[in-house]
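Below, each chain spelled out in residue letters.
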Amino acid sequence: MKNDMDRYANEIRKSSLRSAFKANLGHPGGDLSCADIISVLLSKYVHRNVDNPLNNDRNRFIMSKGHAALAYYSALNIKNIIEDHDYDTFSKKYSLLSGHPASQKIDVVEVSTGPLGHGLPIATGMALAGKMHDSNRKIFVLCGDGEMQEGSNWEAIMFAAHHQLSNLICIVDRNRLQHAMPTENVVSLVRLPEMFKGFGWDCVVVDGHNVDEIDLTLKRFENDEFSNPLCVIAETQKGRGVSFMEGRAEWHHKIPSKEQLTTALEELNELDATRKAL
């Protein structure tokens, strides 16, 4: 399963880069940093019953860092949840696939996202509703680390702890870059684990590019091993997998040239070949 999730993550990276190049639109750095997280989520925890996407007891996933929509769309396309003919229209007029996920266009998208700081508060309401209805559903949210500077998140974090919403998990893509600069140059997040714990959450720090570590923590969450809401700080790298993108802020919104795309895909294919040889 680990190799499958690693390959899936790499396919998400390659597909999202090709689509960003084709549309001349996207956020490649953030797509690549969260690919391993999305791979684990969609492999084992969310969108498992695609024939009945509105089943009331389904697990919910909110892509709060909606600017990384291409990583999400690519993951859904690889799983045949989004069909090729729709995927190929990304960002075109009348396309179902906007620059940010839209719930009114795609059934499995729970909430339209884009404005940062909205996904976690909405997820908190979903988690409370689940508790009130004695549902076993779990609510998964993926946030960017720069997004944690939004005050609305901290109101939700307080509220979730007060109501002991142990069915809620917030995964933070901690790539340490936002838009054009390091997060620490904007508002420091160096004490983020302590901040969550101080608000009454459980908190686990994982390697956000190690699918086994991510999976183990999500499995513990799904098995109700935490008595409080859970924050997972996933230590990641912006532009992961492509040497000239890794750790570089300009790739937040920069689109690769044809030559850069070729190089990026060669590097990602080489990574696949290396894993197969192990």
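Note that this is a predicted model, so its numbers are computed, not measured. (Residues numbered from 1 in each chain as written. Predicted model: local features only at pLDDT ≥ 70, side-chain atom pairs only at ≥ 80, totals over all residues. Heavy atoms only, no water.)

## Structural notes on the environment of Val109
With respect to the helices and strands, Val109 occurs in the loop between α5 (84-87) and α6 (119-132). Each C-alpha atom, one on Val109 and one on Leu268, is 28 Å from the other, the two residues being 159 residues apart in sequence. For Val109, the contacting residues outside a window of four places in its chain are Tyr72, Pro101, Ala102 and Ser103. (Helix = DSSP H or I, 4+ residues; strand = E, 2+ residues; numbered from the N terminus. Contact = heavy atoms within 4.5 Å.)

## Looking at the sheet that holds strand β6 (residues 202-207)
Strand pairing in a sheet relies on backbone hydrogen bonds, with the paired strands running either antiparallel or parallel. One open sheet holds the 5 strands; their spatial order is β1-β2-β3-β7-β6, and the pairing between them is parallel. Single-partner strands in this sheet number two, and they are β1 (60-63) and β6. Neighbour-to-neighbour, the strand axes of the sheet open up by a mean angle of 20°, direction not taken into account. Of the pairings in the sheet, the one linking strand β3 (residues 168-174) to strand β7 (residues 230-235) comprises 6 bridges and is parallel in character. Across the sheet, the residue bridging to Cys170 is Cys231, located in β7. Packing of α6 onto the sheet brings it into contact with β1, β2 (139-144) and β3, and relative to β2 it is tilted by some 170°. (Pairing = 2+ DSSP bridges. Axes fitted to C-alpha atoms, helices over the stretch in contact; angles between N-to-C directions.)

## Section: the side chain of Ser33
Of note, Ser33 is situated in helix α2 (residues 28-33). Ser33 sits in the buried class, given a relative accessible area of 0%. Here the side chain of Ser33 touches Gly30 through a polar contact of 3.1 Å, landing on its backbone oxygen. When sequence neighbours within four positions are dropped, the list of residues in contact with Ser33 reads Lys65, Asp173, Asn175, His209, Thr236, Gln237, Lys238, Gly239 and Arg240. (Buried < 20%, exposed > 50% of the residue type's maximum accessible area, 1.4 Å probe, protein only. Polar contact = N/O pair within 3.5 Å; in protein donor to acceptor, adjacent residues only side chain to side chain.)

## Quick look at helix α4 (residues 69-78)
Among the 10 residues in α4, 9 count as buried, and that is most of the element. Those residues of α4 not exposed but buried are Ala69, Leu70, Ala71, Tyr72, Tyr73, Ser74, Ala75, Leu76 and Asn77. Positive backbone phi, approximately 65°, marks Asn80, located one or two places after α4.

## Some details on the packing of helix α3 (residues 35-45) against helix α9 (residues 211-222)
Direction vectors running N to C along α3 and α9 enclose 45°, while the axes themselves pass 10 Å from each other. In terms of their interaxial angle, α3 and α9 are classed as oblique. As α3 packs across α9, the resulting crossing turns out to be right-handed. Residue-level contacts link Asp36, Ile37, Val40, Leu41, Lys44 and Tyr45 of α3 to Val211, Ile214, Asp215, Leu218, Lys219 and Glu222 of α9. Broken down by class, the residue content of the contact of α3 with α9 amounts to 7 nonpolar, no polar and 5 charged. (Parallel < 35°, antiparallel > 145°, perpendicular 65-115°, else oblique. Left-handed = near helix turned anticlockwise from the far one by under 90°. Nonpolar A, V, L, I, M, F, W, Y, C, P; charged D, E, K, R; others polar.)

## Topic: the packing of aromatic side chains
Applying the stated criterion across every chain yields a total of 8 aromatic pairs. The lysine or arginine in question, Lys79, covers the ring of Tyr8, its NZ or CZ lying 4.7 Å from the ring centre. (Phe/Tyr/Trp six-rings, centres within 6.5 Å; stacked < 30°, edge-to-face > 60°. Lys NZ or Arg CZ within 6 Å of the ring centre and 35° of its normal.)

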